[in-house]
Amino acid sequence: MNEKLSQFHTAILIYMIQTGVYVFSFTQIEAKYFGTNGWLVMIPVSILVSLNIYEMYWVYRLGNGQSIFDILEKSIPKFILAPFYMILSTIWALIGCLVAKQYVLIFQMFAFPTTNPMVFKIAIDILAFILLTKGLYNISKASTIFFWCTIWLSFLLLYFVGDFRTERLTPYIFKESYNMTEGFFQIYLAYMGYELCLLLFPYTDKKTRLFRAVIHGHLLRSVSYIILGLVSFGVVGYDMLKVMMFPSLDLLAYIKLPFMERIENLFYGFFLFTTLITLVLYFWAAGESTRRIFPKIKLNVQYFVIILAALLISYIPTVLDTIREWILILGYFQIGFSYIMPLILILLLLWQRRKKAV
Amino acid sequence: MGIKQKLQSIFLVNDEQSDTPPTLPDNQQEANLTGGEPVTLQHILDQFDDSADFIHKTYQSEHLDVLYFSHLVNEDRLERDVLPPLLNAESPVDILSEQSKYVRVTNAKKCVEGILSGMAAIFCQEQAYLIDVIFPVSRTVAESETESIIVGPHEAFTEQAYTNLSLIRKRVQSSHLKVIQLSVGEVTKTSVYILYVEDIANEKYIKEVINRIKNIEIDAVHDTNMLIQCIDDDPYSIFAQFLTTERPDTIASKLVSGRIVGIMDGSPTAFSAPVNFFEFFSSSDDYYQRWSIGTATLFLRFAALIITVTLTALYVAVTSFHYEMVPQNLLLTLTESRSKVPFPPIIEALLMEMTIELLREAGARLPTKIGQTIGIVGGIVIGQAAVQAGLTSNILIISVASSAIASFVIPNYVMSAAFRLFRFGLIIMAGLWGNLGLAMGLAYIVIHLSGLTSLGSSYLTPVAPFEPYDWKDVFLRLPFSKLVKRPTQVKANNKVKLKMKR
């Protein structure tokens, strides 16, 4: 692949990976764990994420943009790395497939109660495979189109201008909160996806300004989370939000157009686009790591095997709650990866640099 | 190939890069060009034996032999202007070798090709000369039937490449307009002309187009639309990756904007490249109208695209799975009109879409007078009888008809045909899985489009790669003073096209 990602596309890509089905439920988590004005928690979490991105920026800077796998392989023998890569790709593949399954199960819940969700899952996996075979550059192109197809949905929030009441926000902050630490982690998961920028190094050049793009994408996501949170708290009220399962979907359902209502049905379909990018990028990341172990096998074959394996595993969890638990556990792994991995890489780079100097 | 090797080629990375085709060494190629069979009268006559339309005239006293096809050359000119000086001269060879209009050929193959392309061959003292007395047969320049517009020039290309070239030259009067002649088809040897404006067009694209055309190995190419399928980036795609048009003014604007243009002898269509998906939705009309009207028309076209792709599919999705999406007052109308219909929505929709397509295809094949009858019969059958018989619902007919009309709003016929076909897929997906199926179908279109390229440049420019500057000319049509630069996709050598201040 010759073309490098451009800054704009990278920002959109990061935004699209971060956007997933979490958009529909995060306000409930905010209300459940943080109580009044729970939407404010998005701000500190977003800052924390930015700091983490800054940490990754140092990896990029110290390593002069070389691939993180290259950095690892320079100092650590391959037989140690191989199982590590395997674990990484398993985690990523699992996240990818569970995100898709979650999406499908939610859709099944309100539109197709009698259909076997795995049929949809297989169809989405086929789409993901087709997109994967086109390479990262084309994935970023597709994600830009999907971005334009979905971003205008934000303007639907204007519909609620009339229903917004500041009284519902209440003057208290985080009153009636409960187990804030766990809530904090759960909210953090809403931002996950940005850590994949670690793998984008070889696909960018100086012109991309990768980390400016990552921060822009992340900020866009943060702003959109914060606005959606504010609107939800101001329109629905926190006590009501607590008991709703997918508050954003209910908000959409409230909108009535002259010739169409209950548009959440249609627009939830649009979120297939963002979910698709999320899962494709996680599968892509899994492929990036397995190709290090099996450089001889064609990449498309690897993607196929990864998607097939993930598909088989995704048969196991059958209810949304199980998937949530699984995603939570995998998400904790992922949070760990996003903090520890750059740290290890920075240390390795410093060590490599010193060795070179000697 | 053994099974093992086959499996290896499927699963394993191919280390050996064999991209470059085996080329002959240079000196060998040259030998082929200059060598070949020496030209003799007998050899040429042998080549054309059993050709009743082949003319061989002998002038014994002057030792002259003239060979040509009577219908390809202008015999008047030959008899009146060319032959008398030769016949009256003391030594015709001197005239033949002196004057540049007589071209000497030594290669028999070249001579045969010349005669076939409409030249006359003159043999004198064992030497052969070709003279260009081509008499092109073609219809006159007429109005385009597939791309008619209201405001602006009405001329369209004809089947004769020379006429087309002159139409273009008249519009782009610049010595920088270059024309390269190539030939395509092992049997037919049809001429293809590649046009570009030097110093604006990017050499990389020019080379790429020429290379691809040279690499075509096929017995015959009959039309530009066939030619572009031989040089597409992705031959399996449903979308055309070259823009085709019959309008000289469109082609002139493409040339000036830095694109490469190709015309083919025998085809009234010209192609231009590189192209992007959104270019298929603009028409030269937009630029001849006031800018605000042009912009509004562009919006209308993109709205038409959305309608033609989704409307019927949405109807199927809603009536099959998502009745809750219909507002209460509309629900009564909808149920009432659907109450008598015995089929599920998907069958109903496919039936009607099929009928519309049948009507369209029948109308396209029939002469205009009978075509009108088809329209009336079809209109009554679809509009009245099908509903009264209880086969379909009124609302479906509205949706099918409006999506059919919308599909004809797309100015490029090839593109609108592609979307009409896609529509069937979407209807089936919507019938199977409702809104989710619809979303999947749309996602597939986007995925497919994002993988496409035109001459190696992205098919989705200016959306991806993101070129906000181009949006002024693609999604809007701002006043000309705002359109200062040439499109980014063509990577023009000279980027600025407008320097006036107002």
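Bear in mind that the values here come from a model prediction, so they are computed numbers and not experimental data. Throughout this description, residue numbers start from 1 for each chain and increase along the sequence as written. Each chain gets a letter, beginning with A, and each ligand a number, beginning with 1, in the order they are written. It should be noted that, the model being predicted, local features are given only for residues of pLDDT at least 70 and side-chain atom pairs only at 80 or more, the latter also being counted only at that level, while totals for whole chains, interfaces and linings use all residues. Only hydrogens and water are set aside; all other atoms, that is, all heavy atoms of the structure, feed into the side-chain values.

Glancing now at the sheet that holds strand β6 (residues 177–184) of chain B. All names here are of chain B. As summarised here, the arrangement of the five strands in space is β6-β7-β9-β10-β8, forming an open sheet in which the pairing is antiparallel. On the outer flanks of this sheet lie β6 and β8 (243–245), each paired with one strand and no other. Taking each pair of neighbouring strands and ignoring which way they run, the sheet shows an average axis angle of 25°. A pair of strands is labelled paired if DSSP reports no fewer than 2 bridges between them. Secondary structure elements are defined from DSSP: runs of H or I of at least 4 residues count as helices, runs of E of at least 2 residues count as strands, and each element is numbered from the N terminus. Looking at chain direction, strand β7 (residues 190–197) and strand β9 (residues 260–264) are connected through four bridges and run antiparallel. The axes used here are C-alpha line fits, helices contributing only the stretch in contact, and every angle between their N-to-C directions lies in the interval 0 to 180 degrees.

Glancing now at the pairing of strand β10 (residues 270–273) of chain B. Residue and element names in this part refer to chain B. Burial along β10 is two-sided: the residues Ala-270 and Ser-272 and Phe-271 and Ala-273 are all buried. Both β8 and β10 contribute to a ladder of three bridges, which runs antiparallel. Across the sheet, Thr-244 pairs through a bridge with Phe-271, a residue of β10. For β9 and β10, the ladder comprises four bridges, and the chain directions are antiparallel. By the bridge assignment for β10, Ile-263 is matched with Ala-270. Hairpin connection between β9 and β10: a loop of five residues separates the two successive antiparallel strands, and Gly-266 in this loop has a positive phi of roughly 95°. Here the term buried applies to any residue with accessible area under 20% of the maximum for its type, exposed to any over 50%, and partly exposed to those in between, with areas from a 1.4 Å probe on protein chains only.

Residues and elements named next belong to chain A. Planes of paired rings set the category: under 30 degrees apart is stacked, over 60 is edge-to-face and the rest tilted, where pairs are Phe, Tyr or Trp rings (Trp by its six-membered ring) whose centres lie within 6.5 Å. One pass over the full model with this rule turns up 60 aromatic pairs over all chains. Ring centres 6.2 Å apart and planes at 70° place the aromatic pair Tyr-57 and Trp-58 in the edge-to-face group. Judged by its relative accessible area of 30%, Trp-58 is partly exposed. Here the aromatic rings of Tyr-203 and Trp-284 are separated by 5.5 Å at their centres, their planes lie at 65°, and the arrangement is edge-to-face. Remark: Trp-284 occurs in helix α13 (residues 264–293) and Tyr-203 occurs in the loop between α9 (180–190) and α10 (210–235); sequence separation between them is 81 residues. For the residue pair Tyr-203 and Trp-284, the accessibility class agrees, reading buried in each case.

What follows covers the sheet that holds strand β1 (residues 54–59) of chain B. Residues and elements named next belong to chain B. Pairing within the open sheet is antiparallel, and its five strands lie in the order β1-β2-β4-β5-β3. Two strands bound the open sheet, and with one partner strand each, they are β1 and β3 (102–105). The sheet shows a mean angle of 25° between the axes of neighbouring strands, direction not considered. Across four bridges, the pairing between strand β2 (residues 64–69) and strand β4 (residues 119–124) is antiparallel. Note that in β4 the partner of Leu-67 across the bridge is Ala-121. Each of β1, β2, β3, β4 and β5 (127–132) touches helix α4 (residues 75–88); the most contacted strand, β2, lies at about 165° to it. Contact criterion: two residues are considered in contact whenever any of their non-hydrogen atoms come within 4.5 Å of each other.

Time to look at the domain arrangement of chain B. Interfaces are frequently sized by the accessible area removed from exposure as the parts join. Bear in mind that the domain bounds are from an automatic or database domain assignment. When the domains of chain B are assigned, the result is domain 1 (34–132), domain 2 (161–273) and domain 3 (290–454). When each unit is reduced to the centre of its C-alpha atoms, the spacing between domain 1 of chain B and domain 2 of chain B is 32 Å.

This part is about unusual backbone geometry. Note that the residue after Ala-273 of chain B, namely Pro-274 of chain B, is joined by a cis bond; omega there is -10°. Along the chain, Pro-274 of chain B turns up in the loop between β10 and α11 (285–288). Of note in this structure, Asn-179 of chain A is not a glycine but carries a positive phi near 45°. Here Asn-179 of chain A shows up in the loop between α8 (166–169) and α9. A positive phi angle, close to 55°, is found at Leu-455 of chain B, a residue other than glycine.

With that settled, consider the interface of chain B and chain A. Taken together, the contact between chain B and chain A spans 38 residues of the former and 39 residues of the latter. Summed over both partners, the accessible surface that disappears when two parts come together, traced with a 1.4 Å probe, is what is meant by buried area. Taken together, the two surfaces of chain B and chain A that pack against each other cover about 3400 Å², and 75% of this comes from carbon and sulfur. The salt bridge criterion pairs a side-chain nitrogen of Lys or Arg with a carboxyl oxygen of Asp or Glu, the two atoms within 4 Å. Counting every contact that joins chain B to chain A gives zero salt bridges. Whenever a nitrogen or oxygen atom comes within 3.5 Å of another N or O atom, the pair is scored as a polar contact, on the condition that within protein one atom can donate a hydrogen and the other can accept it, and that pairs from neighbouring residues in sequence are kept only if both atoms are in side chains. Run the count over chain B and chain A and you get nine residue pairs in polar contact (both at pLDDT 80 or more). For the side of chain B that touches chain A, the secondary structure elements donating two or more residues are α1 (3–11), α13 (328–338) and α17 (413–451) of chain B.

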